[in-house]
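Each chain, letter by letter, is given below.
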Amino acid sequence: MAKKTVADIDVKGKKVLMRCDFNVPQDAKGNITSDDRIVKALPTIKNILERGGALILMSHLGRTEGQRDEKFTLAPVAKRLSEMLGKKVIFAGDCIGADVKAKAKALKSGDCMLLENLRFHKEETIKDKAAKEDVQLRKAKDDFAKQLADLADIYVDDAFGTAHRDNASMYTVPQAMKGKPRVIGFLVEKELKFLGDTISNPEKPFVAILGGAKVSDKIGVIENLIGKVDRIIIGGAMAYTFLKSRGKAIGNSLCEDDFMDKALQLLDHAADANCQVVLPPDHAVVRKLEPNAEHRIAVGDIDMGWQAVDIGPMAAKIYAKNITDAKTIIWNGPMGVFEMPPFDKGTKAIALAVAEATDKGARSVIGGGDSASAIEKLGLQDRISHISTGGGASLELLEGKKFKAIEILDDK
Ligand code: AMP
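As the structure is a computational prediction, the values presented were derived from the model and not from experiment.

Cut-off values and rules
Residues numbered from 1 in each chain as written. Predicted model: local features only at pLDDT ≥ 70, side-chain atom pairs only at ≥ 80, totals over all residues. Heavy atoms only, no water. Phe/Tyr/Trp six-rings, centres within 6.5 Å; stacked < 30°, edge-to-face > 60°. Lys NZ or Arg CZ within 6 Å of the ring centre and 35° of its normal. Core = buried A, V, L, I, M, F, W, Y, C linked by side-chain atoms within 4.5 Å. Buried < 20%, exposed > 50% of the residue type's maximum accessible area, 1.4 Å probe, protein only. Helix = DSSP H or I, 4+ residues; strand = E, 2+ residues; numbered from the N terminus. Domains from an automatic or database assignment. Pairing = 2+ DSSP bridges. Contact = heavy atoms within 4.5 Å. Axes fitted to C-alpha atoms, helices over the stretch in contact; angles between N-to-C directions. Near = heavy atom within 4 Å. Polar contact = N/O pair within 3.5 Å; in protein donor to acceptor, adjacent residues only side chain to side chain. Nonpolar A, V, L, I, M, F, W, Y, C, P; charged D, E, K, R; others polar. 1 Å grid on protein atoms, 1.4 Å probe; cavity = no way out; pocket = protein on both sides within 12 Å on 5 of 7 lines; lining within 4 Å. Points joined across faces, edges and corners; volume = space filled by probe spheres on them.

How should I be thinking about the packing of aromatic side chains in this particular structure?
Applying the stated rule across the entire model yields one aromatic pair. In this structure, arginine 296 packs its charged tip against the face of tryptophan 306, placed 4.3 Å from the ring centre. The cationic tip of lysine 404 hangs over the ring face of tyrosine 171; the distance from NZ or CZ to the ring centre is 4.3 Å.

Please clarify how the nonpolar core should be interpreted in this entry.
Generally speaking, soluble globular proteins have nonpolar side chains that are buried together. If you look at the biggest cluster of nonpolar residues, it comprises 71 residues, and the most contacted ones within it are Leu17, Leu115, Leu148 and Phe242. If you tally residues by element for this core, the top one is helix H9 (residues 238–245), at five residues. Residue assignment places this core across two domains, with domain 1 (6–187) and domain 2 (194–398) each supplying three or more. Judged by nonpolar contacts, the second largest core, of 31 residues, contains Met18, Ile38, Ala41 and Val77.

Looking at this structure, how should I read the sheet that holds strand E9 (residues 276–278)?
Note on sheets: strands pair through backbone hydrogen bonds, and any given pair is parallel or antiparallel. Read from one edge to the other, the open sheet built from six strands follows the order E9-E8-E7-E13-E14-E15, with strand pairing classed as parallel. Edge strands, defined here as strands with exactly one partner in the open sheet, are E9 and strand E15 (386–387). Summarising the sheet, strand E7 (residues 206–210) and strand E13 (residues 328–332) pair through five bridges and their orientation is parallel. Bridging from a neighbouring strand, leucine 210 pairs with asparagine 332 of E13. Where helix H12 (residues 345–359) meets the sheet, it contacts E7, E13 and strand E14 (363–366), and its direction lies at approximately 155 degrees from that of E13.

Looking at this structure, I do not really get the site of the ligand. What am I missing?
Taken together, the neighbourhood of the ligand is formed by 13 residues, with Ala213, Ala308, Gly336, Glu339 and Asp370 sitting nearest. Glutamate 339 places a side-chain nitrogen or oxygen 2.4 Å from an oxygen atom of the ligand. Per-class residue counts for the shell around the ligand are seven nonpolar, three polar and three charged.

Please clarify how empty space enclosed by the protein should be interpreted in this entry.
This model, assessed by the stated rule, comprises two cavities of 30 Å³ or more. Here the largest cavity is characterised by a volume of approximately 60 Å³. At three residues, the largest contribution of residues to the lining of the largest cavity is made by helix H1 (residues 36–50). Looking at the lining of the largest cavity residue by residue, the class counts come to four nonpolar, two polar and four charged. In this model, the second largest cavity occupies a volume close to 40 Å³. Together, Ile222, Ile232, Ile234, Phe242, Leu266, Leu267, Ala270 and Val277 line the second largest cavity. Looking at the lining of the second largest cavity, the elements with two or more residues in it are strand E8 (231–234) and helix H10 (260–272). The dominant element in the lining of the second largest cavity, judged by the number of residues it contributes, is H10, at three residues. Taken together, the residues of the lining of the second largest cavity break down into eight nonpolar, no polar and no charged.

So this is what it looks like as structure tokens:
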């Protein structure tokens, strides 16, 4: 059932606690190198402030070991957000405690406050499974969540990047706010609509493009997509586990031998379901993976001593042809070691083919992470229907999983 959004509730004069994903990339000096995640949260933030809500924002940033670490303070995010909103964002020095409580109480309609990094407290990331088995952990997580929950009248989840986690701020806080409005923000609404609807109501032909390092990471996705998609195009290192399972020679290419049986099983399963699996017929291969490594194109089998680092030109052509007529496309994972040109050629060719199909009316959805950065590097982002902000979360949606952090929120 569809979830209530911020637009469905009255926020005027209310304190609104909103979970964002402000886990922005930073350089060694702590400067924000991409503010995309802050920009993506703006529609919900502005909507709440303009309608007279008093906003308390919370997020995590980086890997903190559950204690204060100045390297990961959210202070630069508060500063950048202030610039974007053209108004002061109050920065709380912590996310819980008496001072935060007093600051939250003093907020007026239209005020905006950002709490300090949630992961400065180890309670934020205690897993529910661990908490179930250990009373002390359960109590610590509940107490932490209650302090956050008591700050506000309304809970909003707009953190798609962490939607698949059961962190205290994602699940235990809304649990503790039972009886108060608990809704999703516009970013989460958009992500669920694009990723969820695309899979449940695809216009055909429906093509999935999967790449990246490991088959083992994508088994759940492939299993869920067989029977739904017409074609699965496979590139990246994961292609070599499939090719080896079919008896091809793959030289020194990356391969997960433990998953060869599974790969073969998936290929059989796809054939039974009339789902075409497209594997690369040729490959860019190197003796040693290093910048400017000399490479050659191997057609079919790959000799020992050589490692595939990208799909070959023939593969790129065939893949593009298989994408051209698609009406629905989902893509997750690069076709090769795209960080190291010229081994980004295959990924670039696919990115262009997806953009061209979108120009012709296809709905295209790109999972976060590497494929998203490839699209952005090529400046093709405006020619894609939707680029997800959550790599892990988007993969779990493609696996058909439900998020308990979203399930707990109010239905329409
Ligand atoms: P993933 O995180 O699973 O999406 O994998 C992305 C990583 O896979 C990138 O860092 C790529 O460099 C790597 N990758 C893609 N193709 C290959 C390949 N043929 N050999 C080695 N690594 C690859």
